[in-house]
Amino acid sequence: MIDRLNAIITGLRNAVTLTVERLTERLRELNIEVPNEETIGDWGWSVISKAMEAGIISLSDADIDAMYYVFRRCAILEEMVRETLARPGEVDENFVNNLMDDFRENVEALARVRERINQLLS
């Protein structure tokens, strides 16, 4: 079960990084750094925010709300997994299965965010 929890952390990191990859590249071209955040979900939202500030993308209020929600869900999932890893003796199989389900849903939502970002950048 510990391996599955670690896979969630790695998977979230990879999915969020892939989602904002093009924006991160554009920010680097403009010499704009995005500070590290406590969670990868919060970092992903920071990239979106910096890209909006720099004028790389323009988002509607609905896009902002939806994207913020997705990245915040990722941050919450990461926090939950880290808390669970801190208490390995209390790990419950059913709880880990629920976290895996949440992970899959977050990855699907991140794919939709990535599609929207790519539309905006095209």
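Going by the structure above, here's the rest.
A few points on the structure. (Residues numbered from 1 in each chain as written. Predicted model: local features only at pLDDT ≥ 70, side-chain atom pairs only at ≥ 80, totals over all residues. Heavy atoms only, no water.)

It is the contact of helix α2 (residues 21–29) with helix α3 (residues 40–53), at a shortest axis distance of 10 Å, that shows an interaxial angle of 55°. Classified by the angle their axes make, α2 and α3 are oblique. Crossing of α2 against α3: the hand is left-handed. Contacts from L23, T24 and L27 of α2 reach α3 at W43, V47, I48, K50 and A51. Residues that form the contact of α2 with α3 fall into these classes: six nonpolar, one polar and one charged. (Axes fitted to C-alpha atoms, helices over the stretch in contact; angles between N-to-C directions. Helix = DSSP H or I, 4+ residues; strand = E, 2+ residues; numbered from the N terminus. Parallel < 35°, antiparallel > 145°, perpendicular 65-115°, else oblique. Left-handed = near helix turned anticlockwise from the far one by under 90°. Contact = heavy atoms within 4.5 Å. Nonpolar A, V, L, I, M, F, W, Y, C, P; charged D, E, K, R; others polar.)

In this fold, E78 is placed in helix α4 (residues 61–85). Residue class for E78 comes out buried when judged on its relative accessible area of 1%. Beyond its immediate stretch of four places on either side in the chain, E78 contacts I9, L12, R13, E38, T39, I40 and G41. (Buried < 20%, exposed > 50% of the residue type's maximum accessible area, 1.4 Å probe, protein only.)

Turning our attention to the nonpolar core. I8, L23, I48, I57, M67 and F71 are the most contacted members of the largest nonpolar core, which totals 35 residues. Excluding its chain neighbours within four sequence positions, the residues that come into contact with F71 are V16, T19, V20, G41, D42, G44, W45, I48, L110 and V113. (Core = buried A, V, L, I, M, F, W, Y, C linked by side-chain atoms within 4.5 Å.)

So, about helix α5 (residues 93–121). Taking 1.5 Å of rise per residue, 29 residues should cover 42 Å, and α5 covers 42 Å from first to last C-alpha, within 8% of that figure. Buried residues of α5: V96, L99, M100, F103, N106, A109, L110, V113, I117 and L121, and no others. Buried-residue contacts for α5 involve α1 (2–19), α2, α3 and α4. (Expected span 1.5 Å × (residues − 1).)

Time to look at the pattern of salt bridges. Scanning all chains against the criterion turns up eight salt bridges. The closest approach of N and O atoms between R72 and D42, which form a salt bridge, is 2.6 Å. One end of the pair, R72, is in helix α4; the other, D42, is in helix α3, and 30 residues separate them in sequence. According to the relative accessible area criterion, R72 is partly exposed, its value standing at 24%. Taking relative accessible area as the criterion, D42 reaches 22% and is therefore assigned partly exposed. In this structure, E79 engages R72 in a salt bridge whose closest nitrogen and oxygen atoms are separated by 3.7 Å. Among the residues examined, E79 registers a relative accessible area of 28% and is labelled partly exposed. Because the salt bridges share partners, they merge into one network encompassing D42, R72 and E79. (Salt bridge = Lys/Arg side-chain N within 4 Å of Asp/Glu carboxyl O.)

The full count for this structure, using the stated rule, is one aromatic pair. Their ring planes at 85° and their centres at 5.4 Å tell us that W45 and Y68 sit as a pair that is edge-to-face. Of this pair, W45 sits in helix α3 while Y68 is found in helix α4, placing the two residues 23 residues apart along the sequence. According to the relative accessible area criterion, W45 is buried, its value standing at 16%. (Phe/Tyr/Trp six-rings, centres within 6.5 Å; stacked < 30°, edge-to-face > 60°.)

As far as function goes, none of this settles anything; it's purely spatial.
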